[in-house]
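Here's the letter readout for the chains.
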Amino acid sequence: MSGRIDHSESDAVATESRSDAVLTCRDLTVEFHMDRGTSTVLNGLDIDVERNEIIGVVGESGSGKSMFASALLDAVVDPGVTSGTITYRPTDGREVDVLELSDDRLRQLRWEEISMVFQGALSSFNPTLTLRGHFAETLEAHDYDVEDGMERTRELLADLYLDPDRVLDSYPHELSGGMKQRALIALSLVLEPEVLVMDEPTAALDLLMQRSIVSLLDDLRDKYDLTMVFITHDLPLVTKLADRIGVLYAFELAEVGRTEEILRSPTHPYTRALLNSTPDIDSPLEEMRPIEGSAPDPVNVPSGCPYHQRCPISTEDCATVKPPMEPVTETHDVACHHRDRADEIELTAEVDG
Ligand SMILES: Nc1ncnc2c1ncn2[C@@H]1O[C@H](COP(=O)(O)OP(=O)(O)OP(=O)(O)O)[C@@H](O)[C@H]1O
Ligand code: NI
């Protein structure tokens, strides 16, 4: 669970970040300046990632999930411009301003402190290098003792139910997709990061393998005291794993809450539509029905509430006044003018996950 800490003697910190946040993002924004205008692909995110939690970030294709993942490591591709602040607080008490780091420090931060499994990373293995070569290369590039590192590698592979000898001697093409994905997760943990960011880590895998990876991640979190950011368009899957869920819509957070709050009292109409698009929370994603309407263009996000054109309960206000993110409970925030009318959108999905 998320291990909330009560900062009673420092109220300012407690209200600012509510708890023991390992990452605090404020006004996190990513823009691309293009011929047809400024494309805002992440728009002013405020979010805390609490130490040892698993936070799920969901949203439809093109909602900004991968941009958020990349921004967390200041790794947005050129010519994207990342602004706002990200404060990283490792257990040793430092405060690191991620967006202000030198290139060298940033290289160190990625992998050694905040590690990332990129979307589609399965295809990024070097086909001419064995898995042992991949692990050795990573350890060497970060000046880690390769012998110690290999010991940790073997333990991580075993944690992920892989046979270390077999996997280390294999070339990437000799492993199944599920094995490669688990090896990638092991690789991302070999330099002992505190935070693991995963962008669609199970998208290419069958349902059984997805479920098994999700349960392995939960074990890894406990064993290595990890914090995880799990990014996916698969809401049913992420409810099996995450302590909290953030819903992205049009490059912004629409709703954030504990997983059971998102499942039992979803308050943003978009969250309710997302839930209703799955026949029941235990069904595979393939059975999801798309939500009517289309995802906004980042150069032309609708005014007011970005969801108003697709929202069944929107009013005139919604088209002009942007709803602020406001608390529903101490652990649940939503950006909707009609939070009190959420019930008007009937939930059709079975929710007992
Ligand atoms: N290199 C780029 N330059 C400009 N815009 C980009 C670039 N890469 C992505 N975008 C735009 O940024 C927006 C957010 O994209 P992002 O990849 O974060 O979406 P996503 O939620 O991860 O989608 P998916 O589920 O398909 O992975 C989209 O409108 C996309 O077209
Ligand atoms: Ni993506």
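Residues numbered from 1 in each chain as written. Chains lettered and ligands numbered in written order. Predicted model: local features only at pLDDT ≥ 70, side-chain atom pairs only at ≥ 80, totals over all residues. Heavy atoms only, no water.

As recorded in an unreviewed UniProt entry, the protein chain goes by the name Nickel import system ATP-binding protein NikD, listed as coming from Halopiger xanaduensis. UniProt lists a comment for the protein chain under the heading Subcellular location (unreviewed entry), and it reads "Cell membrane". (UniProt positions renumbered as here; feature names shortened; annotations may be inferred.)

Turning our attention to the overall build of the protein chain. Along the protein chain, the regular secondary structure elements total 12 helices and 12 strands. Its C-alpha radius of gyration of 20 Å places the protein chain within 12% of the 20 Å reference for a compact globule of 353 residues. Burial statistics for the protein chain: of 353 residues in total, 57% are counted as buried. A separation of at least 24 residues holds for 66% of the contacts in the protein chain among residues at least 6 apart in sequence. Each charge sign in the protein chain was given a centre, from 30 positive and 68 negative side chains, and these centres are 2 Å apart. (Helix = DSSP H or I, 4+ residues; strand = E, 2+ residues; numbered from the N terminus. Rg over C-alpha atoms; globule rule 2.2 N^0.38 Å. Buried < 20%, exposed > 50% of the residue type's maximum accessible area, 1.4 Å probe, protein only. Contact = heavy atoms within 4.5 Å. Lys, Arg positive; Asp, Glu negative; His and termini not counted. Charge placed at Lys NZ, Arg CZ, Asp CG, Glu CD.)

General note: in soluble globular proteins, nonpolar side chains tend to be found buried as a group. Phe135, Ile185, Leu217, Leu220 and Phe230 are the most contacted members of the largest nonpolar core, which has 64 residues in total. Shared between two domains, this core takes at least three residues from each, and those domains are domain 1 (21-242) and domain 2 (259-344). Once residues lying within four places of it in the same chain are set aside, the contact partners of phenylalanine 135 are Met150, Thr153, Leu157, Leu168, Ala183, Ala186, Leu187 and Val190. Counting residues in each nonpolar core, the second largest holds 36 residues, with Leu73, Val98, Leu99 and Leu109 among its members. (Core = buried A, V, L, I, M, F, W, Y, C linked by side-chain atoms within 4.5 Å. Domains from an automatic or database assignment.)

Glancing now at the coordination of the nickel ion (ligand 2). Within the protein, the atoms that donate to the nickel ion (ligand 2) are Ser66 (OG) and Gln119 (OE1), at distances of 1.9 to 2.2 Å. Given 4 donor atoms and angles of 75 to 165 degrees at the metal, the environment of the nickel ion (ligand 2) is assigned as square planar. One end of the pair, serine 66, is in helix H2 (residues 65-72); the other, glutamine 119, is in the loop between strand E6 (114-117) and helix H4 (131-141), with 53 residues separating them in the sequence. Owing to a relative accessible area of 27%, serine 66 belongs among the partly exposed residues under this scheme. Looking at glutamine 119, the relative accessible area reads 47%, which means it is partly exposed. (Donors = N, O, S within 2.8 Å, 3.2 Å for Na, K, Ca; no water. Tetrahedral: all angles 85-135°; square planar, octahedral: opposite > 155°, others 65-115°.)

Another aspect to go through is the site of ligand 1. What surrounds ligand 1 is a group of 15 residues, the closest being Ser61, Gly62, Lys65, Ser66 and Gln119. Residue serine 61 places a side-chain N or O atom 2.5 Å away from an oxygen atom belonging to ligand 1. The backbone of glycine 64 places a nitrogen or oxygen atom 3.1 Å from an oxygen atom of ligand 1. Protein burial of ligand 1: of its 640 Å² of free accessible surface, 68% is covered by the chains. Ranked by residue count, the leading element in the shell around ligand 1 is H2, at 3 residues. Across the shell around ligand 1, the residue classes tally to 6 nonpolar, 6 polar and 3 charged. (Near = heavy atom within 4 Å. Polar contact = N/O pair within 3.5 Å; in protein donor to acceptor, adjacent residues only side chain to side chain. Areas by Shrake-Rupley, 256 points an atom, 1.4 Å probe, with all protein chains shown as cover. Nonpolar A, V, L, I, M, F, W, Y, C, P; charged D, E, K, R; others polar.)

On to the packing of H4 against helix H5 (residues 146-159). The interhelical angle for the contact between H4 and H5, taken along N-to-C directions, is 130 degrees, at an axis separation of 10 Å. Here H4 lies oblique to H5, going by the angle between them. H5 is crossed by H4, and the crossing has right-handed handedness. Seen from H4, the contacting residues are Arg132, Phe135, Ala136, Leu139 and Glu140; seen from H5, they are Val146, Gly149, Met150, Thr153 and Leu157. Grouping the constituent residues of the contact of H4 with H5 by class yields 6 nonpolar, 2 polar and 2 charged. (Axes fitted to C-alpha atoms, helices over the stretch in contact; angles between N-to-C directions. Parallel < 35°, antiparallel > 145°, perpendicular 65-115°, else oblique. Left-handed = near helix turned anticlockwise from the far one by under 90°.)

The accessible area lost on association of the parts is a frequent measure of interface size. Taken domain by domain, the protein chain comprises domain 1 (21-242) and domain 2 (259-344). Placing the centre of domain 1 and that of domain 2 at their C-alpha centroids yields a distance of 27 Å. Listed as interface residues are 21 residues of domain 1 and, on the opposing side, 18 residues of domain 2. A buried area of about 1500 Å², summed over both sides, lies between domain 1 and domain 2, and 58% of it is on carbon and sulfur atoms. For the domain 1 face of the interface with domain 2, the top three residues by lost area are Glu60, Leu235 and Pro236, together amounting to 34%. Between domain 1 and domain 2 we count 2 salt bridges in total. For aspartate 297, the salt bridge goes to arginine 36, with nearest N and O atoms at 3.1 Å. At the boundary of domain 1 and domain 2, one finds 5 residue pairs in polar contact (both at pLDDT 80 or more). (Buried area = accessible area lost by both parts, 1.4 Å probe. Salt bridge = Lys/Arg side-chain N within 4 Å of Asp/Glu carboxyl O.)

We now examine the packing of aromatic side chains. Scanning the model with the defined rule gives 3 aromatic pairs in all. Judged by centre distance (4.6 Å) and plane angle (55 degrees), the rings of tyrosine 249 and tyrosine 270 are tilted. Note that tyrosine 249 is positioned in strand E9 (residues 244-249) and tyrosine 270 in helix H11 (residues 269-276), a separation of 21 residues in sequence. Residue class for tyrosine 249 comes out buried when judged on its relative accessible area of 3%. Taking the centre distance of 5.4 Å and the plane angle of 65 degrees together, the rings of tyrosine 270 and tyrosine 307 count as edge-to-face. In this pair, tyrosine 270 is assigned in helix H11 and tyrosine 307 in the loop between H11 and helix H12 (316-320), connecting sequence segments 37 residues apart. Assessed through its relative accessible area of 2%, tyrosine 307 is described here as buried. (Phe/Tyr/Trp six-rings, centres within 6.5 Å; stacked < 30°, edge-to-face > 60°.)

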